[in-house]
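# Observations on chain architecture
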Amino acid sequence: PQYGESRTEHFTLKYHVKDMEIVRPYLEDWAEKARERQGKMFGFMPEGPLTIEVCYSFSDQAARTVGVPNLGALGVCFGKLCTLVSPREGKGGNHPPFNWRRVLEHEFGHVMTLQMTRFRIPRWYTEGMSTYLEGDTRLNMDQMMIDALAYGQLKPIEKMNEYFKGNLLMAYVHGAYFVEYLIEQFGFEAHLKALRLFSEGRKSEEVFPKVTGKTLEELNAGLMEHVKRVLAKVRLRPTLNQAEYLKLEALANRSGAEVGDIARLAEAQWGSKEQRGAAAGTLQRALEKDPNCAPALALQGRMAYAKKDFLTAKACFQKATRADPEASFAAWHLLGIILKKEGRTSEAIAALEKAHEMYPRYVGEDHPLLLLSELYLDLDPPQEGKALEACRRACAILTSDPEPARRGLKAALRLKDWASAAVFAEIVFEIDPYDLETHRKAGRAYEELKDWAKAAREYRVATALDEKDVDSFVGLARMERARGDREAARKALKAALEIDATHEGARALRMELGG
């Protein structure tokens, strides 16, 4: 594959020629910002030369880094060289969309911690630190952490490297919990001290007690409490293994069984392909024992919803939320969806706001915040400000989904809130820099903000994505003229007129430029 390169003050950046004009402007900006931000955090600037290569595909990445196929990593760091997979790999269907700016922050975090410790940092600790630095919520890993906590699979600090022998994702996520815990209890300075000690060749068992004044036993206990406190906000139950399922079955089937145990068994059966056929009968037992059992009513509603019997589902959800408003996220969530379909906008908003309040870490389908961003615009008069805020909140949660930012951009443009529009557009590009329409909208937003350089960047990328986009060529010519580069303006204008010699904007601009 053919690769080109560009240089910034501190980086050499390499890209496939097909990506260069699309990815380059953002990577140049974000790489320097990552260096500046993390440099301030760590009080350290890494030794160069620093190189970042954006590999065109996963196979290119694997060949470049380890020389074998199917590496599967989004990024790799060697201390001064980082490789990233092109964000186009998140568009082809072979891999889910991903936030490549966060991958960049993650890999640059390795540059910092590897160099600061002279490559002596424990692997789990550098991965935990980089996961923290990328700023991703990792909410999609909540089930994994819930299961690890429930089944005693969380490793102590001194044994976290053992995660790499099994589920290596635990090193990243549990490691990030540890980083957060130390900051919360002892400040970021504790990490700086730890990195200095690791550079001297010290071991975890010595380093962390020394920088905190706590024993390893006390730190492990504190970390466990921190994990439990965070996961208390997660409305997920542990995945039942066979032994736990049999225990629950015995509890629910004993004489005088608690209605809650019967409802939990019904829910477990409903969630299992093998046991799903038994769920309705178990549920009926629960409702016979207590017709107002909120979890059972919520499950009855979910069963009806799955069959598209929305009237029955709605009645069940309404009864469940009246019986116990705090019992079921799903009842409020699905009730909100049904009310939205019925056009009962205000009631739908109330239900979905309650759903989000109950489970703010939810990352599944039909996200309450995305639905709310639509519903606020359906009100009379529309509440664009609340729609905008719902999109902002969604962007912070759904960090690898461009849809919240696209919706936020649309609402911001309606409000003529050009600064917010520009922010939302950049979030889209963190995931999908190939979105032509968003580049056009970003160009307009920056133009309204009189940021001619960034407006020119957006129109220029748009023309790279669509070489027949006459409006973007005209926009580029207009911005180059505003920046005072008449030669670049004439070049863009010439391209526009070659596409459409009758374009009014291009012809008017030609008169102004005297060409």
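Here goes a summary of the coordinates provided.

What counts and how
- Each chain has its residues counted from 1, running along the sequence as written.
- Reporting in this predicted model follows two pLDDT cut-offs: at least 70 for local features of residues, and 80 or more for side-chain atom pairs to be given and counted; totals over whole chains, interfaces and linings ignore these cut-offs and use all residues.
- Based on all heavy atoms of the structure, the side-chain values leave hydrogens and waters out of the count.
- Two rings belonging to Phe, Tyr or Trp (six-membered ring only in the last case) form a pair when the distance between their centres is within 6.5 Å. Interplanar angles under 30 degrees mark stacking, angles over 60 mark edge-to-face geometry, and anything in between is tilted.
- Only DSSP runs of H or I with at least four residues qualify as helices, and only runs of E with at least two residues qualify as strands; both kinds are numbered from the N terminus onward.
- Only protein chains enter the area calculation, which uses a 1.4 Å probe; residues under 20% of their type maximum are buried, those over 50% are exposed, and those in between are partly exposed.
- Cation placement over rings: the criterion is NZ of Lys or CZ of Arg within 6 Å of the ring centroid and within 35° of the ring normal.
- Within 3.5 Å is the distance limit for a polar contact, defined as a pair of N or O atoms, with the added protein rule that one can donate a hydrogen and the other accept it, and that residues adjacent in sequence qualify only through two side-chain atoms.
- Salt bridge, as used here, is a side-chain nitrogen of Lys or Arg placed within 4 Å of a carboxyl oxygen of Asp or Glu.

Inspection of every chain in the model, using the stated rule, returns 18 aromatic pairs. Between Tyr125 and Phe178, the ring centres sit 6.2 Å apart and the planes meet at 70 degrees, which makes this aromatic pair edge-to-face. Of this pair, Tyr125 sits in helix α4 (residues 123-134) while Phe178 is found in helix α6 (residues 169-186), placing the two residues 53 residues apart along the sequence. Assessed through its relative accessible area of 0%, Tyr125 is described here as buried. Judged by its relative accessible area of 0%, Phe178 is buried. Members of the aromatic cluster, joined through ring pairs, are Trp124, Tyr125, Phe178, Phe198 and Phe208. Seen from the ring of Trp270, Arg276 lies directly overhead, with NZ or CZ sitting 3.8 Å from the centre. Seen from the ring of Phe310, Lys341 lies directly overhead, with NZ or CZ sitting 4.4 Å from the centre.

Mapped onto the elements, His333 comes out in helix α15 (residues 329-341). Separated by 2.6 Å, the side chain of His333 and the backbone oxygen of Asp366 make a polar contact.

This part covers the pattern of salt bridges. A complete count under the given rule lists 44 salt bridges for this structure. Of the charged contacts, one joins Arg24 and Glu28 as a salt bridge, the two residues approaching to 3.4 Å between their closest N and O atoms. Linking Arg24 with Glu28, this pair stays in helix α1 (residues 17-42), spanning four residues, or about one helical turn. Residue classification places Glu28 among the buried positions, given a relative accessible area of 19%. One salt-bridge network, in which partners are shared between bridges, spans Arg101, Glu426, Glu430, Arg457 and Glu458.

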